[in-house]
Amino acid sequence: GLEVSYRELVGAFAELQDVRTFGEERDPLSDYSADGIDLHQAYARLTPGDWDMKLGRQELALLNQRLLGKLDFAEQGRAFDGISAALSRADARLDLIWALVRDRSAQPSTDPAAPLGDGKRHLGALHVGHQGLRGLEPHLLAIVEGDTSSDWVRITAGALLEGKLGQGIRFDYGAEGYYQWAKDGASMRTHAYLFSLRSRAVAELDSEPSL
């Protein structure tokens, strides 16, 4: 990768990613297509004041990456072509995201069961969070996806609450819940729910035993 910047106000970043299985290329005469290499990220960056804005191909991740993430646990990471703007002020944060996640006119699907036509699929995301409350860190998230060649649309919205309480024995907790609604044409409707609860007790010793 290569990054350039001027006075921490404007800059650009480009990054190549090469993902392949060891030994898959027999020799440089029979395999010279470089299928495993791609332009992973390439974006312009503007950071006026408390804003951090990016335009181009970039990794996008919100909170614990349950709804939107860069897939960094896989061999090949994930990047999006779009625009992101993050506003950080005191203990509050606002994220606005738009991305083109599929262009079927440029990359037609070979799957006969593919539900979408020859249009483009767009993704928009909103996140609002606050970290200044004692023992509580609330986050609100919403993601909207839509396809230009059909009536397909999907909306996911919910909240994530997490925090830490106590001394001597510290309690870490987290709770999140999301509702998802989608439609495909006039007859197909989808409703889905997700809830997650977790808690952890940690003794503040050198060995940090936890439950």
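Refer to the structure printed above.
Please read all numbers here as calculations on a predicted model, not as lab measurements. (Residues numbered from 1 in each chain as written. Predicted model: local features only at pLDDT ≥ 70, side-chain atom pairs only at ≥ 80, totals over all residues. Heavy atoms only, no water.)

Participant: Which residues make up the pattern of salt bridges, and what values go with them?
Facilitator: Summed over the entire model, instances satisfying the criterion amount to 13 salt bridges. In this structure, Arg57 engages Asp38 in a salt bridge whose closest nitrogen and oxygen atoms are separated by 3.9 Å. You can see Arg57 sitting in strand E4 (residues 51-58) and its partner Asp38 sitting in strand E3 (residues 37-46), a full 19 residues away along the chain. Residue classification places Arg57 among the partly exposed residues on the basis of a relative accessible area of 27%. Residue Arg198 is joined to Glu162 by a salt bridge in which the shortest nitrogen-to-oxygen separation is 3.2 Å. With Arg198 in strand E11 (residues 188-203) and Glu162 in strand E9 (residues 153-165), this pair connects stretches of sequence that are 36 residues apart. Connected via shared salt-bridge partners are Asp38, Arg57 and Asp81. (Salt bridge = Lys/Arg side-chain N within 4 Å of Asp/Glu carboxyl O. Helix = DSSP H or I, 4+ residues; strand = E, 2+ residues; numbered from the N terminus. Buried < 20%, exposed > 50% of the residue type's maximum accessible area, 1.4 Å probe, protein only.)

Participant: So what about the pairing of strand E7 (residues 120-130)? Which residues, and what values?
Facilitator: Residues in a regular strand point their side chains to alternate faces of the sheet. The alternating pattern of E7 places Arg121, Leu123, Ala125, His127 and Gly129 on a buried face and Lys120, His122, Gly124, Leu126, Val128 and His130 on a face that is not buried. As paired elements, strand E6 (residues 92-103) and E7 share 11 bridges and run antiparallel to each other. In the sheet register, Trp98 faces E7, and the bridge partner there is Gly124. Between E7 and strand E8 (residues 137-147), which pair antiparallel in sequence order, lie six residues; one of them, Gly135, sits at a positive phi of approximately 75°. (Pairing = 2+ DSSP bridges.)

Participant: Outline the nonpolar core, supporting the account with residue identities and numerical values.
Facilitator: In terms of nonpolar packing, the biggest core is built from 12 residues, these being Leu60, Leu62, Leu68, Phe80, Ile97, Ala99, Leu123, Ala125, Leu141, Ile143, Leu160 and Tyr178. Listed by contribution, the elements that provide at least two residues to this core are E6, E7 and E8. (Core = buried A, V, L, I, M, F, W, Y, C linked by side-chain atoms within 4.5 Å.)

The values reported here are purely geometric and, on their own, carry no functional implication.
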